[in-house]
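Structural features, examined
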Amino acid sequence: MSQLEQQMRHRDREMVPKFLVQAMFALMICSLGLVSYAKLTGVPQTGVLVAAEVVQSRDIVLLGDRSGVYRVMADGNQIAVSSEVKAGFLGVMGRVIDRERLVHDVESDAPVQVVRRANGNIAILDPTTDMAVELIGYGQDNVAAFARLLD
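Residues numbered from 1 in each chain as written. Predicted model: local features only at pLDDT ≥ 70, side-chain atom pairs only at ≥ 80, totals over all residues. Heavy atoms only, no water.

Attention now goes to the nonpolar core. Ile60, Leu90, Ile122, Ile124, Leu135, Phe146 and Leu149 are the most contacted members of the largest nonpolar core, which has 24 residues in total. Contributions of two or more residues to this core are made by β1 (54-64), β2 (70-74), α3 (88-104), β4 (112-117), β5 (122-126), β6 (131-134) and α4 (140-150). If you tally residues by element for this core, the top one is α4, at 6 residues. Residue contacts for Leu149: discarding those within four places in its chain leaves Arg58, Ile60, Val72, Ile79, Ala80, Leu90 and Val114. (Core = buried A, V, L, I, M, F, W, Y, C linked by side-chain atoms within 4.5 Å. Buried < 20%, exposed > 50% of the residue type's maximum accessible area, 1.4 Å probe, protein only. Helix = DSSP H or I, 4+ residues; strand = E, 2+ residues; numbered from the N terminus. Contact = heavy atoms within 4.5 Å.)

Take the sheet that holds β5 next. The 6 strands lie next to each other as β3-β2-β1-β4-β5-β6, forming an open sheet whose pairing is antiparallel. Taken across any chain shown, the strands that pair with only one partner, and hence form the sheet edges, are β3 (77-81) and β6. Each neighbouring strand pair of the sheet contributes to a mean axis angle of 30°, computed without reference to strand direction. Bridge analysis of β2 against β3 gives 4 bridges, and the strand direction is antiparallel. Note that in β3 the partner of Arg71 across the bridge is Val81. The sheet contacts of α3 involve β1, β2, β3, β4, β5 and β6, and relative to β2 the element is tilted by about 80°. Sitting on the sheet, α4 touches β1, β2, β3, β4 and β5, and the angle it makes with β4 is about 95°. (Pairing = 2+ DSSP bridges. Axes fitted to C-alpha atoms, helices over the stretch in contact; angles between N-to-C directions.)

Spanning 24 residues, helix α2 (residues 18-41) covers 35 Å between terminal C-alpha atoms, matching the ideal 34 Å at 1.5 Å per step. At the C-terminal side of α2, Gly42 shows a positive phi close to 75°. (Expected span 1.5 Å × (residues − 1).)

Inspection of the entire model under this criterion finds 4 salt bridges. Lys86 is the salt-bridge partner of Asp141, the closest N and O atoms lying 3.8 Å from each other. Separated by 55 residues along the polypeptide, Asp141 in helix α4 and Lys86 in the loop between β3 and α3 bring together distant segments of the chain. The class of Asp141 is partly exposed, set by a relative accessible area of 40%. Judged by relative accessible area, Lys86 falls into the exposed class, the value being 53%. A salt bridge links Arg101 to Asp126; the shortest N-O distance between them is 2.8 Å. Linking Arg101 in helix α3 with Asp126 in strand β5, this pair joins segments that are 25 residues apart in sequence. In this pair, the class of Arg101 matches that of Asp126, namely buried. (Salt bridge = Lys/Arg side-chain N within 4 Å of Asp/Glu carboxyl O.)

Right, let's get into the pairing of β4. Bridge analysis of β1 against β4 gives 6 bridges, and the strand direction is antiparallel. Pairing of Val54 across the sheet is with Arg117, part of β4. Between β4 and β5, which follow one another and run antiparallel, lie 4 residues, and Gly120 among them has a positive phi close to 95°.

A few words now on the environment of Ile29. As for its placement among the helices and strands, Ile29 is situated in helix α2. Classification of Ile29 as exposed rests on a relative accessible area of 60%. Ile29 sits 25 residues away from Val54 along the chain, and the two C-alpha atoms are 41 Å apart.

Set out below in C-alpha coordinates:
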(Lines give C-alpha, C1' and ligand atoms only; values in the text may rest on other atoms or scores of the structure.)
Protein backbone atom coordinates (compact mmCIF):
# COMPACT_ATOMS: atom_id res chain seq x y z
CA MET A 1 0.00 0.00 0.00
CA SER A 2 1.39 3.37 -0.98
CA GLN A 3 1.89 6.24 1.41
CA LEU A 4 -0.90 8.24 -0.29
CA GLU A 5 -3.38 5.37 0.16
CA GLN A 6 -2.50 5.18 3.85
CA GLN A 7 -3.00 8.92 4.26
CA MET A 8 -6.39 8.81 2.50
CA ARG A 9 -7.61 5.84 4.54
CA HIS A 10 -6.62 7.59 7.78
CA ARG A 11 -8.16 10.89 6.62
CA ASP A 12 -11.47 9.26 5.62
CA ARG A 13 -11.91 7.76 9.07
CA GLU A 14 -11.60 11.18 10.69
CA MET A 15 -13.73 13.14 8.20
CA VAL A 16 -16.96 12.58 10.16
CA PRO A 17 -16.34 11.82 13.80
CA LYS A 18 -18.14 8.81 15.23
CA PHE A 19 -19.78 11.01 17.86
CA LEU A 20 -21.54 13.14 15.20
CA VAL A 21 -22.89 10.06 13.41
CA GLN A 22 -24.24 8.68 16.69
CA ALA A 23 -25.77 12.06 17.58
CA MET A 24 -27.46 12.22 14.16
CA PHE A 25 -29.05 8.79 14.60
CA ALA A 26 -30.08 9.64 18.18
CA LEU A 27 -31.80 12.79 16.91
CA MET A 28 -33.62 10.81 14.22
CA ILE A 29 -34.82 8.22 16.74
CA CYS A 30 -35.97 10.93 19.18
CA SER A 31 -37.86 12.73 16.40
CA LEU A 32 -39.52 9.50 15.30
CA GLY A 33 -40.45 8.76 18.91
CA LEU A 34 -42.02 12.20 19.43
CA VAL A 35 -44.04 12.00 16.21
CA SER A 36 -45.19 8.45 17.03
CA TYR A 37 -46.25 9.51 20.52
CA ALA A 38 -48.20 12.48 19.16
CA LYS A 39 -49.99 10.36 16.56
CA LEU A 40 -50.82 7.50 18.92
CA THR A 41 -52.13 9.72 21.72
CA GLY A 42 -54.07 12.08 19.42
CA VAL A 43 -52.24 15.28 20.32
CA PRO A 44 -53.91 18.07 18.30
CA GLN A 45 -51.88 19.63 15.51
CA THR A 46 -50.59 23.14 16.16
CA GLY A 47 -49.24 25.64 13.70
CA VAL A 48 -51.48 24.34 10.92
CA LEU A 49 -52.74 27.12 8.67
CA VAL A 50 -56.51 27.40 8.51
CA ALA A 51 -57.60 28.84 5.17
CA ALA A 52 -59.93 31.75 5.86
CA GLU A 53 -62.58 32.87 3.39
CA VAL A 54 -61.59 35.07 0.46
CA VAL A 55 -62.66 38.70 0.84
CA GLN A 56 -60.89 40.19 -2.20
CA SER A 57 -59.63 38.61 -5.40
CA ARG A 58 -57.97 39.63 -8.66
CA ASP A 59 -57.08 37.58 -11.70
CA ILE A 60 -53.60 38.32 -13.05
CA VAL A 61 -51.37 36.88 -15.74
CA LEU A 62 -47.63 36.57 -15.10
CA LEU A 63 -45.64 36.79 -18.35
CA GLY A 64 -41.90 36.16 -18.13
CA ASP A 65 -39.12 36.69 -20.61
CA ARG A 66 -35.76 35.01 -21.04
CA SER A 67 -34.02 37.45 -18.72
CA GLY A 68 -36.33 36.46 -15.84
CA VAL A 69 -38.31 39.70 -15.77
CA TYR A 70 -42.03 39.09 -15.25
CA ARG A 71 -44.78 41.45 -16.27
CA VAL A 72 -48.01 41.34 -14.30
CA MET A 73 -51.06 41.85 -16.51
CA ALA A 74 -54.64 42.45 -15.38
CA ASP A 75 -57.52 43.19 -17.75
CA GLY A 76 -55.04 43.52 -20.61
CA ASN A 77 -53.01 46.22 -18.85
CA GLN A 78 -49.57 45.94 -17.31
CA ILE A 79 -49.86 46.72 -13.61
CA ALA A 80 -46.40 45.71 -12.33
CA VAL A 81 -42.99 44.47 -13.41
CA SER A 82 -40.67 42.28 -11.36
CA SER A 83 -37.69 44.49 -12.18
CA GLU A 84 -39.20 47.39 -10.20
CA VAL A 85 -37.87 48.21 -6.72
CA LYS A 86 -39.11 45.68 -4.12
CA ALA A 87 -41.02 43.71 -6.75
CA GLY A 88 -38.52 40.92 -7.45
CA PHE A 89 -40.67 38.40 -5.61
CA LEU A 90 -43.19 38.70 -8.46
CA GLY A 91 -40.58 37.10 -10.70
CA VAL A 92 -39.74 34.43 -8.13
CA MET A 93 -43.37 33.37 -7.88
CA GLY A 94 -43.73 33.66 -11.65
CA ARG A 95 -40.99 31.07 -12.07
CA VAL A 96 -42.61 28.83 -9.44
CA ILE A 97 -45.94 28.99 -11.24
CA ASP A 98 -44.30 28.38 -14.64
CA ARG A 99 -42.46 25.35 -13.27
CA GLU A 100 -45.61 23.91 -11.71
CA ARG A 101 -47.48 24.37 -14.97
CA LEU A 102 -44.68 22.74 -16.92
CA VAL A 103 -44.84 19.72 -14.60
CA HIS A 104 -48.64 19.51 -15.04
CA ASP A 105 -48.36 20.17 -18.81
CA VAL A 106 -50.77 23.11 -18.89
CA GLU A 107 -50.57 26.47 -20.67
CA SER A 108 -48.36 29.03 -18.99
CA ASP A 109 -50.33 32.17 -19.80
CA ALA A 110 -53.52 31.25 -17.93
CA PRO A 111 -54.50 33.67 -15.15
CA VAL A 112 -53.83 33.06 -11.47
CA GLN A 113 -55.76 34.59 -8.60
CA VAL A 114 -54.23 36.83 -5.97
CA VAL A 115 -56.56 36.79 -2.98
CA ARG A 116 -56.82 38.54 0.35
CA ARG A 117 -58.33 36.36 3.05
CA ALA A 118 -60.52 37.44 5.98
CA ASN A 119 -57.55 36.99 8.35
CA GLY A 120 -55.44 39.42 6.26
CA ASN A 121 -53.25 36.80 4.59
CA ILE A 122 -52.44 37.08 0.89
CA ALA A 123 -52.46 33.94 -1.24
CA ILE A 124 -51.81 32.97 -4.85
CA LEU A 125 -54.21 30.41 -6.29
CA ASP A 126 -53.59 28.66 -9.59
CA PRO A 127 -56.76 26.86 -10.72
CA THR A 128 -54.97 25.13 -13.62
CA THR A 129 -52.69 23.15 -11.27
CA ASP A 130 -54.68 23.42 -8.01
CA MET A 131 -51.63 25.08 -6.45
CA ALA A 132 -52.22 27.42 -3.52
CA VAL A 133 -49.38 29.45 -2.04
CA GLU A 134 -50.18 31.22 1.21
CA LEU A 135 -47.76 34.13 1.43
CA ILE A 136 -46.78 33.86 5.07
CA GLY A 137 -43.17 33.74 6.16
CA TYR A 138 -41.86 35.24 2.92
CA GLY A 139 -41.06 38.66 4.36
CA GLN A 140 -42.97 41.91 4.50
CA ASP A 141 -41.69 43.36 1.21
CA ASN A 142 -42.39 40.16 -0.71
CA VAL A 143 -45.95 39.88 0.55
CA ALA A 144 -46.48 43.62 -0.07
CA ALA A 145 -45.50 43.13 -3.73
CA PHE A 146 -48.58 40.93 -4.19
CA ALA A 147 -50.79 42.93 -1.81
CA ARG A 148 -50.24 46.00 -4.01
CA LEU A 149 -51.80 44.09 -6.90
CA LEU A 150 -55.09 44.00 -4.98
CA ASP A 151 -55.16 47.73 -4.23
